[in-house]
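Below, each chain spelled out in residue letters.
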Amino acid sequence: QKEVEQNSGPLSVPEGAIASLNCTYSDRGSQSFFWYRQYSGKSPELIMSIYSNGDKEDGRFTAQLNKASQYVSLLIRDSQPSDSATYLCAVNSNNQGGKLIFGQGTELSVKP
Amino acid sequence: DAGVIQSPRHEVTEMGQEVTLRCKPISGHDYLFWYRQTMMRGLELLIYFNNNVPIDDSGMPEDRFSAKMPNASFSTLKIQPSEPRDSAVYFCAGKRELNTEAFFGQGTRLTVV
């Protein structure tokens, strides 16, 4: 089992729709969770962090965390073509001395 | 702050040659990570340091790979000898504390021919 798993996609949504990206992780000792966005040919950039169960909203982005189910998700409301990128889920494991593990990434395409 | 600085940005080398990638982390960031990214394998963690000490190098693919962090402001990843399958983008990233987010450098695109 991979430590962090994401659907690779591609996920295609029309402009203005909600895009839903999902991630599961295996280490129950994980304490902090991040979503990164990576445009083609660029480095990953942080868009959301979440530490507690529940929802965290920042503009059009909402991160959701359920530690009991070992599940993290990212919702993008009112999707724009500029949101087209690969979204990477990252999990920080306290049990492993701060090791930061990434999922394979989900490619999102927002069609005008 | 200039962010995480990696050099070179691009490297083309012949099989068998030694390659050294360099990283200057953000000041005050106690953790430093080296990742390799390919289409097939995604973003793989190679090794990471805490306060200049290597914590986990289980992701280093072979003995041909080595990494050092002689001080808080500099790290190197060396491949000797390089092989075509080492071609990838190598990222350096750093974070301040145990549970904080990491910031990435611009990456080094390595091509081994």
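Above this text you will find the structure in question.
In this text the structure is predicted, and so the values were computed from the model without any measurement.

> Sorry, what's going on with the overall build of chain A here?
Counting its secondary structure elements, chain A contains zero helices and 11 strands. Since a compact globule built from 112 residues should have a radius of gyration of about 13 Å, the 13 Å found for chain A is in line with a globular shape. With respect to the principal axes defined by its C-alpha atoms, chain A has extents near 45 × 30 × 20 Å. Looking at chain A as a whole, 47% of its 112 residues qualify as buried. Across chain A, every contact between residues at least 6 apart in sequence was considered, and the portion connecting residues at least 24 apart equals 55%. Put simply, chain A has 10 plus and 11 minus side-chain charges, and the middle of one group is 4 Å from the middle of the other.

> Hey, could you run me through unusual backbone geometry in this one?
Apart from glycine, the bulk of residues carry a negative phi angle, and the bulk of peptide bonds sit in the trans form. All names here are of chain B. Note that the residue after Ser7, namely Pro8, is joined by a cis bond; omega there is -10°. When you line up the elements, Pro8 lands in the loop between β1 (5–7) and β2 (10–13). Going from Gln80 to Pro81, the amide bond is cis rather than trans, its omega being -5°. The topology assignment puts Pro81 in the loop between β8 (74–79) and β9 (88–95). In this model, Asn51 sits at a positive phi of 50°, which is unusual for a non-glycine residue. Of note, Asn51 is situated in the loop between β5 (42–50) and β6 (53–56). Even without being a glycine, Asn52 presents a positive backbone phi close to 75°.

Thresholds, definitions, all that
Residues numbered from 1 in each chain as written. Chains lettered and ligands numbered in written order. Predicted model: local features only at pLDDT ≥ 70, side-chain atom pairs only at ≥ 80, totals over all residues. Heavy atoms only, no water. Helix = DSSP H or I, 4+ residues; strand = E, 2+ residues; numbered from the N terminus. Rg over C-alpha atoms; globule rule 2.2 N^0.38 Å. Buried < 20%, exposed > 50% of the residue type's maximum accessible area, 1.4 Å probe, protein only. Contact = heavy atoms within 4.5 Å. Lys, Arg positive; Asp, Glu negative; His and termini not counted. Charge placed at Lys NZ, Arg CZ, Asp CG, Glu CD.

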